[in-house]
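Breakdown of the fold
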Amino acid sequence: MTKIGIPNLDNQLEQSLISDLKKVEELMRSHIKGDYPLVVETSRHLVEAGGKRLRPLLTLLSAQFGDPTNYDIIKAAVCCELTHLATLYHDDVMDDAALRRGVVSANKKWDNAVAILTGDYLFSKVSDMLADIGPEAVKLQAKTFERLVIGQIKETQGKSEGLSQIDHYMKVVADKTGSLIATSARFGALLSGASMEVVETLTKFGEKIGVAFQVADDLLDIASTETASGKTPGTDLKEGVPTLVTLFVMTDNDPADKVLIEKLSKPISDQDLSGVIQELRNHKALKKVQDYLSNVAKEANQLLVDLPNGPAKSALENLTFALVNRST
C-alpha cells in the first residue's frame, strides 16, 4: 500500500499526487485564516484532525486525463474537502456526536451554535474560492450542495410512500455521499480540459464509488474494532441509524432474528451493544453487504473501460479495490 492508500500505484504518479496533496493542505489551511481567532480555531479543528482526503485525491487523479498542472484543480480539490468538512460540523450537531476523526467534536468542544456557524463559515470560504475559478464551478457546487441538503432531509424525514427502506437508504447515500465524490471527480476532469466523454465517465465513476465508500464506512461500524473515521464502533447502532447490514436483517425478517430485529428497530442500549455487534458480525447479512460492495466495485471499474490505459486509470481501479476492501 502506498502513502496515499492506493495499492500498486505508479511511482511517478504517486510522487506527483503527494506533491499536489501537499499544495491542497497548504491552500486549505491558508484559506480559512481570518480576523476572528475563534473562527480560525474552530475551522481548523477538523482540518487538523486529518482524514482520508478522498475527495481531493479523486480530483487530482481525474485531472490526470487532461492537463493536471492547472492551479484551479488544487483550488477545486480544496473546495471539495472544505465542503465535506462543513457538512461534518452540521452532521455532528444533528447526531449529537461526541467524537469526529478521533477528536472531540466541535459541538461538544464548544457548542451547537458554534459548530453550525463554523460549517456555514466554511461554505462561505468555498464560495469565495469557486468564484475565482468561474461561474461553471459555482453552478456545479450549487447543484451538489442542493443534493447534499436533500439527502439530509430525506434521511431526517424517512422513506416516502412506495419506496422500500433499502431503496430509500441508497438514495440518501447517493445524495449525501455520492454527490460530492462525483463532483470531486468532475472538477478534476473539467478543469484539466479532459474531453466531455471522460468528464461524464469520471462523474459516474465518482458517484458509484461514493456510494460504495459510504456502505463500506457503515460496515466498518460493525465489522471493525476501530473505524477509520475515528468513531467508536457501534456508533450507528447506538444512534439507531440504519445501515445496509441492519436493513438486510430487518427486511429479510427471518423468524430466527426476531429478538435481534426488535433490538435494531430502535437505538441500541450500551448494555446490549457488544452483544448486537457480535450477532451482526456472525450474521449472513454481513456477507451479503460485502458481496454487494464487490459488485459495486466491478460496476465502477467497468465504467473506466474506455478510458486511456495508463497509470491514472490503474490508480482509479486500485482505489476502488482499496475503498471496498477496507471494510473486510
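Quick note: structure is the one above.
Let me begin by describing the structure that accompanies this report. Numbers given for residues are sequential positions, taken from 1 along each chain in its written order. Note on the predicted model: pLDDT of at least 70 is required for a residue's local features to be given, and 80 or more for side-chain atom pairs to be given and counted; whole-chain, interface and lining totals, by contrast, use all residues. With hydrogens and water excluded, all non-hydrogen atoms of the structure serve as input to the side-chain values.

Looking at the layout of surface pockets
Here the idea is plain: a probe the size of a water molecule rolls over the atoms and shows the empty space left. Counted only if it meets this: A pocket, in this scheme, is an open set of points on a 1 Å grid over the protein atoms alone with protein on both sides within 12 Å along at least 5 of 7 lines, while a cavity is a set where a 1.4 Å probe fits but cannot get out; residues line either one if an atom lies within 4 Å of a point. Grid points are joined across faces, edges and corners, and a volume is the space filled by probe spheres set on the points. By the criteria applied, helices consist of DSSP H or I runs no shorter than four residues and strands consist of E runs no shorter than two, each listed in order from the N terminus. The residue classification treats Ala, Val, Leu, Ile, Met, Phe, Trp, Tyr, Cys and Pro as nonpolar and Asp, Glu, Lys and Arg as charged. All others, Gly included, are polar.
Considering only enclosed or pocket space, the second largest pocket measures out at about 210 Å³ in volume. Lining the second largest pocket are 11 residues, with Ile4, Gly5, Lys52, Ala322 and Leu323 sitting closest to its centre. Only helix 3 (54-62) and helix 15 (311-325) provide two or more residues apiece to the lining of the second largest pocket. No other element matches the three residues that helix 15 contributes to the lining of the second largest pocket. Classifying every residue of the lining of the second largest pocket by side-chain character gives eight nonpolar, one polar and two charged.

Some remarks on the environment of Phe321
What counts is decided by this rule: Accessible area is worked out with a 1.4 Å probe on protein chains only. A residue is then buried under 20% of its type maximum, exposed over 50%, and partly exposed in between.
As for its position among the elements, Phe321 is in helix 15. A residue is classified by how much of its surface remains accessible, and Phe321, at 49% relative accessible area, is partly exposed. Between the C-alpha atoms of Phe321 and Lys298, which are 23 residues apart in sequence, the distance is 9.1 Å.

With respect to the nonpolar core
Selection rule: Joining through side-chain atoms within 4.5 Å is the link that ties buried Ala, Val, Leu, Ile, Met, Phe, Trp, Tyr and Cys residues into a set, and such a set is a nonpolar core. Every residue pair with non-hydrogen atoms within 4.5 Å of one another is taken to be in contact.
Leu61, Leu202 and Leu319 are the most contacted members of the largest nonpolar core, which totals 58 residues. Within the residue set of this core, elements represented by two or more residues are helix 1 (11-31), helix 3, helix 4 (71-95), helix 6 (112-133), helix 7 (135-157), helix 8 (165-191), helix 9 (196-223) and helix 15. No other element matches the 12 residues that helix 4 contributes to this core. Beyond its immediate sequence surroundings of up to four residues, Leu319 is in contact with Ile6, Leu54, Leu57, Leu58, Leu61 and Ile209. Of all hydrophobic cores here, the second largest spans 32 residues; its members include Leu237, Leu247, Val276 and Ala297.

Quick look at the pattern of salt bridges
Stated precisely, the cut-off is as follows: Put simply, a salt bridge is a Lys or Arg side-chain nitrogen that is within 4 Å of an Asp or Glu carboxyl oxygen.
According to the stated counting rule, one finds 15 salt bridges in the structure shown. Close ionic contact of Asp175 with Arg147 constitutes a salt bridge, the shortest N to O distance being 2.9 Å. A residue pair is termed long-range when its members are at least 10 positions apart, and Asp175 in helix 8 and Arg147 in helix 7 qualify at 28 residues. With a relative accessible area of 27%, Arg147 lands in the partly exposed category. Across the pair Glu207 and Arg147 runs a salt bridge, and its minimum N-O distance is 2.8 Å. Placement of the pair is Glu207 in helix 9 and Arg147 in helix 7, with a sequence separation of 60 residues.

Thoughts on unusual backbone geometry
Here Asn8, not a glycine, exhibits a phi torsion of approximately 55°, which is positive. Summarising the element assignment, Asn8 is placed in the segment before helix 1. Although it is not a glycine, Asn253 adopts a positive phi angle of roughly 55°. Along the chain, Asn253 falls in the loop between helix 11 (244-252) and helix 12 (258-264). Residue class for Asn253 comes out exposed when judged on its relative accessible area of 53%.

Regarding helix 11
Listed in full, the buried residues belonging to helix 11 are Leu244, Val245, Thr246, Leu247, Phe248 and Val249. Residues of helix 11 that are buried in the fold lie against helix 8, helix 9, helix 10 (235-239), helix 12, helix 13 (270-281) and helix 14 (284-302). In the segment just after helix 11, Asn253 is the residue with positive phi, at about 55°.

What about the state of the cysteines?
Applicable threshold: Note on disulfides: each one is a pair of cysteine sulfur atoms within 2.5 Å.
In total, this model carries zero disulfides according to the counting rule given. Here Cys80 stays unpaired: no disulfide links it, and the sulfur of Cys79, its closest cysteine neighbor, is 6.9 Å away.

Observations regarding the packing of aromatic side chains
Between two aromatic rings, the relevant description is the distance of the centres plus the angle of the planes. To keep it simple, the criterion reads: Any pair of Phe, Tyr and Trp rings, taking the six-membered ring for Trp, is counted once the centres come within 6.5 Å. Such a pair is stacked with planes under 30 degrees apart, edge-to-face with planes over 60 apart, and tilted for the rest. For a ring to carry a charge above it, either NZ of a lysine or CZ of an arginine must fall within 6 Å of the ring centroid while also lying within 35 degrees of the normal to the ring plane.
This structure, assessed with the given rule, holds one aromatic pair. The aromatic ring of Phe248 is capped on one face by Lys288, whose charged end is 4.4 Å from the ring centroid.

With respect to the side chain of Thr59
With respect to the helices and strands, Thr59 occurs in helix 3. Residue class for Thr59 comes out buried when judged on its relative accessible area of 0%. Those residues in contact with Thr59, other than ones at most four positions away along the chain, are Ile73, Ala77, Cys80, Ser184, Phe187 and Gly188.

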